Protein chains: 2
Amino acid sequence: MVDMTLRDGMHAVDHQFTPQQMTDIASALDDAEMDVVEVSHGDGMGGSSINYGFSAASTGEYLDAVAPELTDTQLSVLLLPGIGTVEELDLAAEKGADICRLATHVTEADVSEEHFEYVTDRGLEADGVLMLGHMAPPETVLEQAELMEEYGADAVYIMDSAGAMLPSDVRDRVGLLSDELSIDVGFHAHNNLGLGIGNTLAALDAGASTVDGCLRGLGAGSGNAQIEVLVGVLEKAGYDVGPEFFGVMDAAEEVLMPMLTEDTMPTLDNDSLMLGYAGVYSSFLRHTRRAGERYDVDPRAILTRLGEMEVVGGQEDLITDVASQLADGRDATADDD
Amino acid sequence: MVDMTLRDGMHAVDHQFTPQQMTDIASALDDAEMDVVEVSHGDGMGGSSINYGFSAASTGEYLDAVAPELTDTQLSVLLLPGIGTVEELDLAAEKGADICRLATHVTEADVSEEHFEYVTDRGLEADGVLMLGHMAPPETVLEQAELMEEYGADAVYIMDSAGAMLPSDVRDRVGLLSDELSIDVGFHAHNNLGLGIGNTLAALDAGASTVDGCLRGLGAGSGNAQIEVLVGVLEKAGYDVGPEFFGVMDAAEEVLMPMLTEDTMPTLDNDSLMLGYAGVYSSFLRHTRRAGERYDVDPRAILTRLGEMEVVGGQEDLITDVASQLADGRDATADDD
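Please read these numbers as outputs of a predicted model, since none were measured by experiment.

Draft legend 1. Up close: the domain arrangement of chain A. All names here are of chain A. As assigned here, chain A comprises domain 1 (2-264) and domain 2 (280-332). The C-alpha centroid of domain 2 is placed 31 Å from the C-alpha centroid of domain 1. Facing 5 residues of domain 1, the contacting portion of domain 2 comprises 5 residues. At the boundary of domain 1 with domain 2, total buried surface from both sides reaches about 410 Å², with 69% on carbon and sulfur atoms. By the criterion of area lost to domain 2, the three top residues of domain 1 are Leu-132, Met-135 and Ala-162, representing 73% of everything that side buries.

Draft legend 2. Region of the structure containing the UniProt feature "domain: Pyruvate carboxyltransferase" (unreviewed entry) in chain A. Here, UniProt's "domain: Pyruvate carboxyltransferase" (unreviewed entry) annotation points to residues 1-249 of chain A. Annotation note: span residues 1-249 of chain A, helix share 37%, strand share 16%, distance between end C-alpha atoms 15 Å.

Draft legend 3. Main features of the relation of the copies chain B and chain A. Each copy of the sequence occupies a distinct position, and chain B is placed on chain A by a rotation of 180° and an axial shift of 0.0 Å, giving an RMSD of 0.0 Å. Viewed as a symmetry operation, the transformation between the two copies matches a two-fold axis. Closest to the rotation axis within chain B is the C-alpha of Gly-198 of chain B, separated from it by 2.4 Å. Here 100% of the interface residues in chain B have copies in chain A that are interface residues too; the copies meet face to matching face.

Draft legend 4. Broad picture of the pairing of strand β3 (residues 74-79) of chain B. All names here are of chain B. Summarising burial for β3: 5 of the 6 residues are buried, a large majority. When strand β2 (residues 36-38) meets β3, the two strands line up parallel, connected through 3 bridges. Directly across from Val-36, in β3, lies its bridge partner Gln-74. For the crossover from β2 across helix α3 (residues 59-66) to β3, the handedness is right-handed. Each parallel crossover has a hand, and the one from β3 via helix α4 (residues 86-94) to strand β4 (residues 99-105) is right-handed.

Draft legend 5. Spatial organisation of the nonpolar core. Counting 121 residues, the largest nonpolar core has Met-1, Phe-17, Val-39, Val-66, Val-174, Phe-187 and Leu-215 of chain B as the members making the most contacts within it. No other element matches helix α10 (residues 245-256) of chain B, which puts 7 residues into this core. Not counting residues within four places of it along the chain, the set of residues in contact with Met-1 of chain B comprises Met-34, Asp-35, Val-36, Thr-210, Val-211, Ile-227, Leu-230, Val-231, Leu-234, Val-241 and Pro-243 of chain B. By size, the runner-up hydrophobic cluster in this structure holds 120 residues, among which are Val-2, Met-22, Val-36 and Ala-92 of chain A.

Draft legend 6. Structural view of the packing of helix α8 (residues 196-205) of chain B against helix α9 (residues 227-236) of chain B. Residues and elements named next belong to chain B. Two elements in contact, α8 and α9, have axes whose closest approach is 11 Å; the angle formed by their N-to-C orientations is 45°. It follows from the interaxial angle that α8 and α9 lie oblique. By crossing handedness, the relation of α8 to α9 is classed as right-handed. Counted together, Ile-197, Thr-200, Leu-201 and Leu-204 of α8 and Val-229, Leu-230, Val-233 and Leu-234 of α9 form the full contact between these two elements. Of the residues contributing to the contact of α8 with α9, the split by class is 7 nonpolar, 1 polar and no charged.

Draft legend 7. Highlighting the environment of Asp-263 of chain B. Residues and elements named next belong to chain B. On the secondary structure map, Asp-263 appears in the loop between α10 and α11 (270-278). For Asp-263, a relative accessible area of 69% gives the class exposed. Engagement of the side chain of Asp-263 in a polar contact is seen with the side chain of Thr-261, the distance being 2.7 Å.

Draft legend 8. Layout of the side chain of His-15 of chain B. Structurally, His-15 of chain B can be placed in the loop between α1 (9-12) and α2 (19-31). Sequence-distant contacts of His-15 of chain B, defined by excluding residues within four places in its chain, comprise Met-10, His-41, Gly-42, Asp-43, Tyr-52, Gly-53, Phe-54, Ser-55, Ala-56 and Tyr-62 of chain B.

Draft legend 9. Spotlight on the sheet that holds strand β1 (residues 2-3) of chain B. Residues and elements named next belong to chain B. Strand order in the closed barrel formed by 8 strands is β1-β2-β3-β4-β5-β6-β7-β8, with parallel pairing between adjacent strands. Two elements, β3 and β4, share 4 bridges in a ladder whose sense is parallel. Bridging across to β4, Leu-79 finds its partner in Leu-102. Contacts between helix α6 (residues 138-151) and the sheet are confined to β4, β5 (125-131) and β6 (155-159), with β5 contributing the most and set at about 160° to the helix.

Draft legend 10. Looking closely at the interface of chain B and chain A. Counting residues at the interface gives 36 residues for chain B and 36 residues for chain A. Both sides together, the interface formed by chain B and chain A hides about 3200 Å², and carbon and sulfur atoms give 63% of it. On the surface where chain B and chain A come into contact, there are 2 salt bridges. One salt bridge in this structure joins Asp-250 of chain A and Arg-300 of chain B, with 3.0 Å as the shortest N-O distance. Joining chain B to chain A, the criterion identifies 17 residue pairs in polar contact (both at pLDDT 80 or more). Of all the secondary structure elements, the ones that give two or more residues to the side of chain B that touches chain A are α8, α9, α10, α11 and α13 (299-308) of chain B. Top contributing element to the side of chain B that touches chain A by residue count: α9 of chain B, with 6 residues. The residue inventory of the side of chain B that touches chain A, partitioned by class, reads 18 nonpolar, 8 polar and 10 charged.

Draft legend 11. Quick peek at the sheet that holds strand β1 (residues 2-3) of chain A. One closed barrel accounts for 8 strands, arranged β1-β2-β3-β4-β5-β6-β7-β8 (chain A); its pairing is parallel. The sheet contacts of helix α4 (residues 113-121) of chain A involve β3 (74-79), β4 (99-105) and β5 (125-131) of chain A, and relative to β5 of chain A the element is tilted by about 150°.

Draft legend 12. Region of the structure containing the packing of aromatic side chains. Residue and element names in this part refer to chain A. Taken as a whole and judged by the stated rule, the model has 6 aromatic pairs over all chains. When the ring of Phe-116 is compared with that of Tyr-151, the centres are 6.1 Å apart and the planes differ by 45°; the resulting orientation is tilted. With Phe-116 in helix α4 and Tyr-151 in helix α5 (residues 138-151), the pair connects residues that are 35 residues apart, well separated along the chain. Given a relative accessible area of 12%, Tyr-151 falls into the buried group.

Draft legend 13. Seen up close, α5 of chain A. Residues and elements named next belong to chain A. Here α5 contains 14 residues, and its C-alpha end-to-end distance of 20 Å stays within 8% of the 20 Å for a straight helix at 1.5 Å per residue. Within α5 the residues assigned to the buried category are Pro-138, Val-141, Leu-142, Gln-144, Ala-145, Met-148 and Tyr-151. Tucked into the core, α5 has its buried residues touching β4, α4, β5, β6 (155-159) and α6 (167-180). After α5 finishes, the residue Gly-152 shows a positive phi value of roughly 115°.

Draft legend 14. A look at α2 of chain B. Residues and elements named next belong to chain B. Along its 13 residues, α2 runs 18 Å from first to last C-alpha, staying within 8% of the 18 Å computed at 1.5 Å per residue. Residues of α2 that are buried: Met-22, Thr-23, Ile-25, Ala-26, Ala-28, Leu-29 and Asp-30. Buried residues along α2 sit in contact with β1, α1, β2, α3 and α10. In the stretch just after α2, Glu-33 is the one whose phi turns positive, near 60°.

Cut-off values and rules
Residues numbered from 1 in each chain as written. Chains lettered and ligands numbered in written order. Predicted model: local features only at pLDDT ≥ 70, side-chain atom pairs only at ≥ 80, totals over all residues. Heavy atoms only, no water. Domains from an automatic or database assignment. Contact = heavy atoms within 4.5 Å. Buried area = accessible area lost by both parts, 1.4 Å probe. UniProt positions renumbered as here; feature names shortened; annotations may be inferred. Helix = DSSP H or I, 4+ residues; strand = E, 2+ residues; numbered from the N terminus. Least-squares fit on C-alpha atoms with pLDDT ≥ 70 in both. Buried < 20%, exposed > 50% of the residue type's maximum accessible area, 1.4 Å probe, protein only. Pairing = 2+ DSSP bridges. Right-handed = clockwise from strand over helix to strand, strands pointing away. Core = buried A, V, L, I, M, F, W, Y, C linked by side-chain atoms within 4.5 Å. Axes fitted to C-alpha atoms, helices over the stretch in contact; angles between N-to-C directions. Parallel < 35°, antiparallel > 145°, perpendicular 65-115°, else oblique. Left-handed = near helix turned anticlockwise from the far one by under 90°. Nonpolar A, V, L, I, M, F, W, Y, C, P; charged D, E, K, R; others polar. Polar contact = N/O pair within 3.5 Å; in protein donor to acceptor, adjacent residues only side chain to side chain. Salt bridge = Lys/Arg side-chain N within 4 Å of Asp/Glu carboxyl O. Phe/Tyr/Trp six-rings, centres within 6.5 Å; stacked < 30°, edge-to-face > 60°. Expected span 1.5 Å × (residues − 1).

This is the structure:
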């Protein structure tokens, strides 16, 4: 089990955890015998920038704050090829990271080939992450995961980045990979459809051997699987769980919560629900709202249509086209008004 | 689909919705073509008392506020035999209720026999609710549901009152009842294990034909299934959903949310997690905390043990026994200290 509080959880605090806060959280997670903690800017190493938001400290400072706290817990870092560079990999290796997760869009595993080589050359465990996993059918996800396995991945995680999967979607993808790959399969949930825990349970049921979560359900958007809840649920379901239940609960409520304000807590509001329902990235929200006003169309209808078109980041120019089409369609059938 | 915002949601606001607020919420739900709305004190009609907390208005005032707003949406009331009386049933019938749900502990369906007779005699649909459904094995739940069917129930709901079920627990119980009963089977989730949506989906998958939820996940403890999310999830999963997705979202965010303060929103904190994990009622929390302090034992260990003993309300006197036993057990193995 991988705790993401100090990586995906960074999104919820605008990447502003201080090194001291990271020390405190990592120490509590190590006490609770968490298997792995991941530490990086929310968008991975190298993410601290005008594009993705500056973090409160550098990757080196964060790793220095966390590494000495960990006894049996492994230290993971995240790198998205294109955002992070080999310099960050060097730094992570030097600072004591045990694992580097390499994340690409679900259909672009091939951009990670040289990164896998570099990570494994440094003696770190190299895991692959396929983001926005709902955007490709199970067979495609398998092909991409097989590429990562070929590059030397020790595990491949399917990431439901938009929180758009149903339990059946999870079972189909995780089940196929578990059957066909000879390496570990992992799953990373988001809670946009209220299925953070339900989908993680479905993944384990379908053969996943490692899953992600965050203390108190922190994370981008409506957050990740709430990890202390996940530990309790898995104990109840009879799984052999590494982390210690009460210890993870303590890390959540006694260590993390005093650092947060009400408005940093992820909520399942209409915006995050729509992102999960439509299966699109949060960057579309603002633009669809503006187009909705301009064309007098419900922005949720625009998001739904964009989801059907399986748009990805960079295709924001399609938004006004869709809004205009929907407006025309409505006018054409509204002659009676 | 039954919206519980004006009944189970009353717990989250200490039963203080005003009649005008009920009017506004019911009207929005009717606009959204919700199948049924349930309106009562959180503990059912007659619940307004020193024991369960006084509501802001009477049952009659609430029904007068809601009934005229409903066009196609049906009006349900809840009655727990022992709390509510036949006088309240008369009132509900007079005020235009379409359905009366009769709720008993999962092993005490027999106390509802005469109430079913009375409800059906008045021409109302009489549905049964088996509370704390996790506390009895599927075969026992079936026996109790068969009693309610025999008494004239049009449907029987399994209520996961403590939010203690896993999807497999839900499938086992709902599946058996769906196979064996000739009436509709319903499911009512709580979110203590983060499975409000996941369990409701499991229930529908196992044959349930009606399910409960609340706008924005309101409800006792960590809340019910978040009903606007549920509608979106079911549409996505291909179910033929009655209520209109965007309309239910609007009811949640535009009508309900402005009535609430941050601290009325249900949260999945350590307390509610422990209740789901141990499968005990919230009334035990305060007592176990006090016993934990007195005996220097983690109150969560006491709750876990009480859950294994399957305690029910009224057995609070067992708490100090358990705390004392746990303290002795620890002392006996702590000679090295």
